[in-house]
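If you want the building blocks of each chain, they are given just below.
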Amino acid sequence: MKGYIMRKSTKEANAKKTPRGKRSWKMFFATLRGLVLYFHKSEIACMHRFDTMCDMICIHHALATRATDYTKKQFVLRLKLADWSEFLIQCGDTGELQDWMHALNVASATLSSPPLAAPCGSQKRFLRPLLPSTQTRYSKKEQLSQHELRVQSLESELEDHQSNPPERGARSTVVQYWKEKLEYLQYEVSRYKTYVYLLDSTPTPPTHTHQVTVQRSNTSVGAHMESDRGGTSVQRSLSDRYSYRQAIYNSRPV
């Protein structure tokens, strides 16, 4: 997936608000390769700058959703990364918006490795699990199974967490830690449910050895085509495309 986009940083690592001087919109020619999203000054520059460490982000364990709460610009998606930093990305039209969200989420769902245990600490503050940036070695079927197990585990943990709120009169830090964990669990359930839906509904997701590429069709939405590993084409019906948008991009966290 590649094309011209506008990008804006809204949050840095750990959901810290981006300083005012760094929140401006900038135009890039973006290219998605595996779990890395590259940003170039132009289409010509992208042919020579894949070996640099600047203007790129890793999208492992990321989630792209429509930024419905942002009304200043049209066709904007919100990309939330593994470290909880966030970017707004503006596309050219609705079709490009859908294609970018699909490409980013498919790459994250297919290639992200399983999370590692959270670091240990002496404080009672909730610490998020470590999310490795390396590509997984699981097949599509194994990856889907891992995501489904993760959803079950997170939903059980979320239910237990909600049934044990802080006691009345508890310290503000205790309440804050409880809220942080609640927000994390709700987001993770939403993210992994999106991954499960994508892997279960997409007939030919790329393996970790292939570049993730989604091309826009020149025909109608109902004629969206995807290629399988053997090179054959599978046509997705209009109802499939509509249900996909309804279930993924218009959904809200649990």
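J.: Mind laying out the nonpolar core, listing which residues take part and the relevant values?
T.: The nonpolar side chains of soluble globular proteins are, as a tendency, buried together. Within the largest apolar cluster, 25 residues are counted, with the highest numbers of intra-cluster contacts made by L32, L37, I59, L77, L79, W100 and L104. The element best represented in this core is helix α1 (residues 94-111), accounting for seven residues. Residues A109, L158, Y184 and L185 belong to the second largest nonpolar core, which totals 17 residues.

J.: I'd like a description of the pattern of salt bridges, backed by residues and values.
T.: Counted by the stated rule, this structure contains six salt bridges. For R78, the salt bridge goes to D69, with nearest N and O atoms at 3.1 Å. Judged by its relative accessible area of 19%, R78 is buried. For D69, a relative accessible area of 56% gives the class exposed. Note that K193 is salt-bridged to E155, the shortest N-O span being 3.1 Å. Separated by 38 residues along the polypeptide, K193 in helix α3 (residues 172-201) and E155 in helix α2 (residues 140-162) bring together distant segments of the chain. Judged by relative accessible area, E155 falls into the partly exposed class, the value being 33%. Several salt bridges share partner residues, and in doing so they unite D69, R78 and E86 into one network.

J.: Lay out the pairing of strand β3 (residues 36-40) with the relevant residues and their values.
T.: Across the five residues that make up β3, a large majority, four, are buried. In terms of strand pairing, strand β2 (residues 26-33) meets β3 through five bridges, oriented antiparallel. Residue pairing across strands places A30 opposite F39, the latter belonging to β3. Taken together, β2 and the strand that follows it, β3, pair antiparallel across an intervening segment of two residues, in which G34 is found at a positive phi of about 65 degrees. Pairing of β3 with strand β4 (residues 56-58), which is carried by three bridges, proceeds in the antiparallel orientation. When the bridges of β4 are listed, V36 appears paired with C58.

About the criteria used
Residues numbered from 1 in each chain as written. Predicted model: local features only at pLDDT ≥ 70, side-chain atom pairs only at ≥ 80, totals over all residues. Heavy atoms only, no water. Core = buried A, V, L, I, M, F, W, Y, C linked by side-chain atoms within 4.5 Å. Buried < 20%, exposed > 50% of the residue type's maximum accessible area, 1.4 Å probe, protein only. Helix = DSSP H or I, 4+ residues; strand = E, 2+ residues; numbered from the N terminus. Salt bridge = Lys/Arg side-chain N within 4 Å of Asp/Glu carboxyl O. Pairing = 2+ DSSP bridges.

None of the figures reported here should be taken as evidence of function without further support.
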